[in-house]
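# Structure at a glance
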Amino acid sequence: MSNSTADKLATERARSFTFNWFLDPIILGKYPTEMENVLGSLLPKFSSNEKEKLKKGLDFIGVNYYTAFYVQDCMYSACKSGPGISRTEGSYMKSGEKNGVAIGEPSPFSWFNIYPEGMEKAVTYVRDRYNNTPMFITENGYPEQDDPNFTLEEHLNDFKRIKYMVDHIEALLAAIRKGANVRGYFTWSLLDSFEWIYGYTVRYGFHHVDYATLKRTPRLSASWYKQFLVKYKETFLLGMTRQEKLVQHT
């Protein structure tokens with residue numbers, strides 16, 4: 001939320017209590033230091049035998065990235081009630097805006113601002129913390145509100161989703177060019193579906209689903225993504241052909 005030491009430390013706690021909590025034990029053999037400092041004996045300790053078993057405990061890291069938040073300290077400052085503020089959660093508060101300005105382009109949802117730079121930052125963070133363990137982007141997508149007043153044409157012309165995908169893939173490529181060992185990318189999602197928290201009120205699909213008839217209709221994003229993959233394949237094969245010719249001439 002600011003450049004204060006308290007907010008910077010709160011940011012590290014937020015990462016540890018929401019993300020590093022899962023990966024540190026498997027890869028590093030211990031819970032994050034930020035969690036140990038706060039929770040102390042509440043956290044179990046790993047024996048030498050358990051640490052040995054945890055070595056190479058995974059083949060890759062899956063990263064879900066959609067949006068980003070600012071973080072404010074709640075350990076030394078008073079915070080409003082909300083997720084994260086309690087001691088056992090890390091004593092921090094997250095917000096999509098600072099001084100009334102959103103972290104990225106706003107969407108119809110208060111919890112979702114468009115911040116492509118966060119993709120590169122998140123992937124780079126995982127690269128640095130976890131010895132560049134192979135990564136897959138397992139989820140990344142743009143939500144649209146299920147507005148009953150929208151026409152089918154309005155549902156299908158999802159220009160904002162296409163822009164979102166372009167910007168986030170470019171940010172991912174920037175991280176890869178800086179050495180991140182990213183092996184694959186999965187978008188969310190092929191179809192509109194039932195979302196865990198928001199049910200049928202949010203639509204992420206490349207294909208529109210009429211929930212009354214279950215008819216599936218491709219959106220513009222479906223055509224765009226297909227063309228994107230075809231162009232990537234053509235570029236990849238062209239590069240391979242050039243490499244083969246170079247080897248033959250060497």
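Please refer to the structure placed before this passage.
It should be emphasised that the depicted structure is a prediction, and the values quoted were computed from it without experimental measurement.

## Things to note about the state of the cysteines
Scanning all chains against the criterion turns up one disulfide. Between C74 and C79 runs a disulfide, and the two sulfur atoms are separated by 2.0 Å. In this structure the cystine formed by C74 and C79 twists about its S-S bond by roughly -100 degrees; its chirality is therefore left-handed. Under the relative-accessibility criterion, C74 is labelled buried at 13%.

## Brief notes about helix α1 (residues 5-28)
Between the first and last C-alpha of α1 there are merely 26 Å, a value that for 24 residues lags more than 12% behind the 34 Å anticipated at 1.5 Å per step. Along its length, α1 shows its largest kink, about 70 degrees, at N20. The set of residues buried in α1 consists of D7, A10, R13, A14, S16, F17, N20, L23, D24 and P25. Packing partners of the buried residues in α1 comprise α2 (33-39), α3 (48-54), β1 (61-64), β2 (70-73), β3 (92-95) and α4 (117-129).

## What to know about the environment of T88
Following the sequence through the fold, T88 ends up in the loop between β2 and β3. As a C-alpha pair, T88 and D24 span 64 residues in sequence and 18 Å in three-dimensional space. When residues no more than four places from it in sequence are discounted, the contact partners of T88 are F17 and L39.

Calculation criteria
Residues numbered from 1 in each chain as written. Predicted model: local features only at pLDDT ≥ 70, side-chain atom pairs only at ≥ 80, totals over all residues. Heavy atoms only, no water. Disulfide = S-S within 2.5 Å. Buried < 20%, exposed > 50% of the residue type's maximum accessible area, 1.4 Å probe, protein only. Helix = DSSP H or I, 4+ residues; strand = E, 2+ residues; numbered from the N terminus. Expected span 1.5 Å × (residues − 1). Bend = angle between axes of the 7 residues up to and from the residue. Contact = heavy atoms within 4.5 Å.

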